[in-house]
Amino acid sequence: MNLYFRLFWLFIWRTRHCKSIGFLGTSHIRYRALPSDCDVNFHLTNSRYPAFMDLARTYMLAEMGLLKRFLKLKWMPIVNAAEFTYIRDIKPLQIFDIETKLVGWDEKYFYIEQRFVSKRGLHCIAYVRGVFVCKGKQVPIQQLLDAADFDAAPPELPADVLHWKEFLQLKKQRNT
């Protein structure tokens, strides 16, 4: 994470004054692309997208009311895979929102969709697959769901996430 000031601001101020969303709700956080976030092409550099996404997922946990609980339990999120589709650039000083939502899970992983949007439209859509770990071991999905007080049926994974999941499995099989 190379956005230390924004991380500090997130923990000190933003998480204390965030709205509340449900477990399957959509989180919204707003940022401005500073010149230091941009590359020689005068747009948000590709390496900043995952860094901003880390902040947005942390904020989503705060809006769900789970951040303090998970930190107290020493559950740490780990990204296993990410997939990005860039649609249009984000210019210096442009304001943009990151919309983050949990789109589903399977027996091992959570799947999160994150969208970068502004008045100019959709800039990037990304999917993240991850787990939570504690003391070097994965926290079981059901234990996470119990901690979140979620007992409804799981949502059906979107078709594009299912295809991505199959692709990741194929890559794993070919490279082991």
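The structure we're discussing is the one just above.
Residues numbered from 1 in each chain as written. Predicted model: local features only at pLDDT ≥ 70, side-chain atom pairs only at ≥ 80, totals over all residues. Heavy atoms only, no water.

Asker: Please provide a residue-by-residue account of the nonpolar core, values included.
Answerer: Counting 23 residues, the largest nonpolar core has Phe23, Phe70, Trp75, Trp105 and Phe110 as its most contacted members. Only helix 2 (48-64), helix 3 (67-72), strand 3 (95-105), strand 4 (110-118), strand 5 (121-134) and helix 4 (141-147) provide two or more residues apiece to this core. Excluding residues within four positions of it along the chain, tryptophan 105 makes contact with Phe23, Leu24, Phe110, Tyr111, Ile141, Leu145, Phe150, Pro154, Pro155 and Leu157. Membership of the second largest hydrophobic core comes to 21 residues, among which are Leu10, Cys124, Ala126 and Val128. (Core = buried A, V, L, I, M, F, W, Y, C linked by side-chain atoms within 4.5 Å. Buried < 20%, exposed > 50% of the residue type's maximum accessible area, 1.4 Å probe, protein only. Helix = DSSP H or I, 4+ residues; strand = E, 2+ residues; numbered from the N terminus. Contact = heavy atoms within 4.5 Å.)

Asker: How would you sum up the pattern of salt bridges? Please name residues and give values.
Answerer: Across all of its chains, the model carries 7 salt bridges by this definition. Across the salt bridge formed by aspartate 37 and arginine 48, the nearest N and O atoms sit 2.7 Å from each other. One end of the pair, aspartate 37, is in the loop between strand 1 (26-32) and helix 2; the other, arginine 48, is in helix 2, with 11 residues separating them in the sequence. In this structure, aspartate 37 and arginine 48 share a single accessibility class: buried. With its nearest N and O atoms 2.9 Å apart, the salt bridge here joins aspartate 106 to lysine 165. Separated by 59 residues along the polypeptide, aspartate 106 in the loop between strand 3 and strand 4 and lysine 165 in helix 5 (residues 159-174) bring together distant segments of the chain. Look at the salt bridges and you will find they share partners, linking Asp89, Lys91 and Arg120 into a network. (Salt bridge = Lys/Arg side-chain N within 4 Å of Asp/Glu carboxyl O.)

Asker: Quick one: what's the story with helix 2, residue by residue and with numbers?
Answerer: Between its first and last C-alpha atoms helix 2 spans 24 Å; for 17 residues at 1.5 Å apiece the expected length is 24 Å, and the two agree. Counted residue by residue, helix 2 has 15 buried out of 17 residues, so it is predominantly covered. Positive backbone phi, approximately 80°, marks glycine 65, located one or two places after helix 2. (Expected span 1.5 Å × (residues − 1).)

Asker: Got a sec to walk through a nonpolar patch on the surface? Specific residues and values, please.
Answerer: A surface patch of nonpolar side chains, amounting to about 840 Å² of accessible area, comprises Phe5, Phe8, Trp9, Phe11, Ile12, Trp13, Leu71 and Met76. The greatest single-element share of the nonpolar patch, amounting to 5 residues, is contributed by helix 1 (residues 4-12). With respect to the element layout, tryptophan 9 can be found in helix 1. (Patch = residues over 30% accessible without salt bridge, like charges linked within 9 Å, V, L, I, M, F, W, Y side chains within 5 Å. Areas by Shrake-Rupley, 256 points an atom, 1.4 Å probe, with all protein chains shown as cover.)

Asker: Explain the packing of aromatic side chains to me, using residue names and the numbers behind them.
Answerer: For the coordinates displayed, the defined rule picks out 14 aromatic pairs. Seen in terms of ring centroids, tyrosine 49 and tyrosine 86 are 5.0 Å apart; in terms of plane orientation they differ by 75°. Their pairing is edge-to-face. Placement of tyrosine 49 in helix 2 and of tyrosine 86 in strand 2 (residues 76-86) is noted, with a sequence separation of 37 residues between them. Arranged with centres 5.0 Å apart and planes meeting at 55°, the rings of phenylalanine 70 and tryptophan 75 form a pair that is tilted. As far as burial versus exposure is concerned, phenylalanine 70 and tryptophan 75 are alike and both buried. Each residue in the set Tyr31, Tyr49, Phe52, Phe84, Tyr86, Phe96 and Phe116 is aromatic and connected to the rest through ring pairs, giving one cluster. (Phe/Tyr/Trp six-rings, centres within 6.5 Å; stacked < 30°, edge-to-face > 60°.)

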